[in-house]
Amino acid sequence: MTTVDAESLREQVRERYAAAARAVDDGKDGGCGCGGGSCCEGPGEEVAGEELYGAEQLRELPEAAVLASLGCGNPTAVAELREGETVLDLGSGGGIDVLLAAKRVGPTGRAFGLDMTEEMLALALRNAAEAGVGNAIFLKGEMEAIPLPAGSVDVIVSNCVLNLSTDKPAVFAELARVLRPGGRIGISDIVAEDRLSAEDRAERGSFVGCIAGALSKGEYETALEAAGFEDVGVEFTHEVLDGMHGAIVKAVKPAATREPESAE
Ligand SMILES: C[S@@+](CC[C@H](N)C(=O)[O-])C[C@H]1O[C@@H](n2cnc3c(N)ncnc32)[C@H](O)[C@@H]1O
């Protein structure tokens, strides 16, 4: 992909999700998600909201945060968050997973949400204020160049976003950089079966619709291992289109190893 093509695709992604945020402002749902039609594509509305999060979790959240949910999984459940941890959500959208993470890690922990779309960040900030969550911090930026220091995060989550990157190797390198040694990722994403070529994926749906840019299971595993992760797992959870699945992606950054002391 040329730099111009990548920039133009990224702009299309930004415009699409800015429109989704404006729709929520108008009292509609984001009109998409991996079960809807106009953003992340899929066959229908059945795998959304309550099915992904459960009624109890949704009750903890402002209505606008739930309406703005565009994900394809429940990454905060996958990541088994613990009190006091620092969590980063890539492509945080209206903030649903950041708010859930902030509640899980409690007042001694922090939940960062990173998004490149101004309209989504504004929506997330309003949702955090309405939810009364004080330990959620929203950052403007791109997941290919995360504006956080190296080794500063315990857990990275993300919900239906990595497929939208035009430079996935940069994202995997950034995951490895910002996680502390021993830190982990728990990501929900759309993932293709290995039998589907890039052309097969593009035939099934658009890039902004979370389909054409999806990695295959094998590509995901190889990319995470190349970035230095261990205990890599990519598990399909539900089929969204022929050969394309909602999936849970887990991996761990190796813990720091101490150099053996010299025998002097
Ligand atoms: C499908 S929505 C998912 C939003 C949220 N994770 C959820 O579950 O509701 C994708 C989000 O990722 C953001 N995004 C897409 N590409 C990005 C990038 N390269 N860097 C940061 N954010 C990005 C979009 O602005 C949008 O808010």
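This text gives an overview of the structure that appears in the document.

### Some words on the site of the ligand
Taken together, 23 residues lie around the ligand, and Leu70, Gly91, Asp115, Thr117 and Met143 are the ones closest in. One of the backbone N or O atoms of Met143 is found 3.0 Å from a nitrogen atom in the ligand. Here the ligand loses 99% of its free accessible area of 600 Å² to cover by the protein chains. Here the residues of the shell around the ligand sort into eleven nonpolar, eight polar and four charged.

### Overview of the sheet that holds strand β1 (residues 86-90)
Pairing is mixed across the open sheet formed by seven strands, whose spatial order is β3-β2-β1-β4-β5-β7-β6. Where the open sheet ends on each side, the last strands, each with one partner, are β3 (136-140) and β6 (230-241). Each adjacent strand pair in this sheet contributes to an overall mean axis angle of 15°, direction not counted. Examined bridge by bridge, β1 and strand β2 (residues 110-115) share five bridges and lie parallel to one another. Paired with Thr86 across the two strands is Arg110, which belongs to β2. Each of β1, β2, β3 and β4 (153-159) is contacted by helix α6 (residues 96-105), which is oriented at about 165° to β2, the strand it contacts most.

### Quick word on helix α1 (residues 3-25)
Over its 23 residues, α1 runs 33 Å from end to end, which matches the ideal 33 Å to within 8%, given 1.5 Å per residue. Taken residue by residue, α1 has Ala6, Leu9, Arg10, Val13, Tyr17, Ala18, Ala20, Ala21, Ala23 and Val24 as its buried positions. Where the residues of α1 are buried, they touch α4 (63-67) and α7 (118-131).

### With respect to the packing of aromatic side chains
Across all of its chains, the model carries one aromatic pair by this definition. Note on Phe172 and Tyr220: the rings are 5.8 Å apart at their centroids and 75° apart in plane angle, and the pair reads as edge-to-face. Pair noted here: Phe172 is in helix α8 (residues 168-178) and Tyr220 is in helix α10 (residues 217-226), with a separation of 48 residues, a long-range link. Each member of the pair, Phe172 together with Tyr220, is buried.

### Digging into the nonpolar core
Among the nonpolar cores identified, the biggest contains 29 residues, and Leu88, Leu90, Ile156, Leu175, Ile185, Tyr220 and Leu224 are the most heavily contacted of them. Sorting the residues of this core by element identifies β1, β2, β4, α8, β5 (179-192), α10 and β7 (244-252) as the ones contributing at least two each. Take this core: its biggest share by element is five residues, from α8. Beyond its immediate sequence surroundings of up to four residues, Tyr220 is in contact with Leu162, Phe172, Ile187, Asp189, Val191, Leu215, Val234 and Val249. Counting residues in hydrophobic clusters, the runner-up holds 25 residues, among them Leu61, Leu99, Ala101 and Val157.

### A look at the side chain of Glu174
Structurally, Glu174 is set in helix α8. For Glu174, the residues in contact, after removing those within four places along its chain, are Met143, Glu144, Ala145 and Ile146.

### Focus: unusual backbone geometry
In this structure, Glu80 takes a positive phi of about 45° despite not being glycine. Locating Glu80 in the fold gives a position in the loop between α5 (75-78) and β1.

### Re the pattern of salt bridges
In the structure shown here, the tally under the stated rule is 17 salt bridges. A salt bridge links Glu119 to Arg22, with the shortest nitrogen-to-oxygen separation between them at 3.4 Å. With Glu119 in helix α7 and Arg22 in helix α1, this pair connects stretches of sequence that are 97 residues apart. Take Arg22: its relative accessible area is 42%, and that puts it in the partly exposed class. Two residues, Glu85 and Arg82, come together in a salt bridge whose shortest N-O distance is 3.7 Å. A relative accessible area of 48% places Arg82 in the partly exposed class. Taken together, the shared-partner salt bridges connect Arg10, Glu11, Arg14, Glu142 and Glu144 into one network.

Rules behind the numbers
Residues numbered from 1 in each chain as written. Predicted model: local features only at pLDDT ≥ 70, side-chain atom pairs only at ≥ 80, totals over all residues. Heavy atoms only, no water. Near = heavy atom within 4 Å. Polar contact = N/O pair within 3.5 Å; in protein donor to acceptor, adjacent residues only side chain to side chain. Areas by Shrake-Rupley, 256 points an atom, 1.4 Å probe, with all protein chains shown as cover. Nonpolar A, V, L, I, M, F, W, Y, C, P; charged D, E, K, R; others polar. Pairing = 2+ DSSP bridges. Helix = DSSP H or I, 4+ residues; strand = E, 2+ residues; numbered from the N terminus. Axes fitted to C-alpha atoms, helices over the stretch in contact; angles between N-to-C directions. Contact = heavy atoms within 4.5 Å. Expected span 1.5 Å × (residues − 1). Buried < 20%, exposed > 50% of the residue type's maximum accessible area, 1.4 Å probe, protein only. Phe/Tyr/Trp six-rings, centres within 6.5 Å; stacked < 30°, edge-to-face > 60°. Core = buried A, V, L, I, M, F, W, Y, C linked by side-chain atoms within 4.5 Å. Salt bridge = Lys/Arg side-chain N within 4 Å of Asp/Glu carboxyl O.

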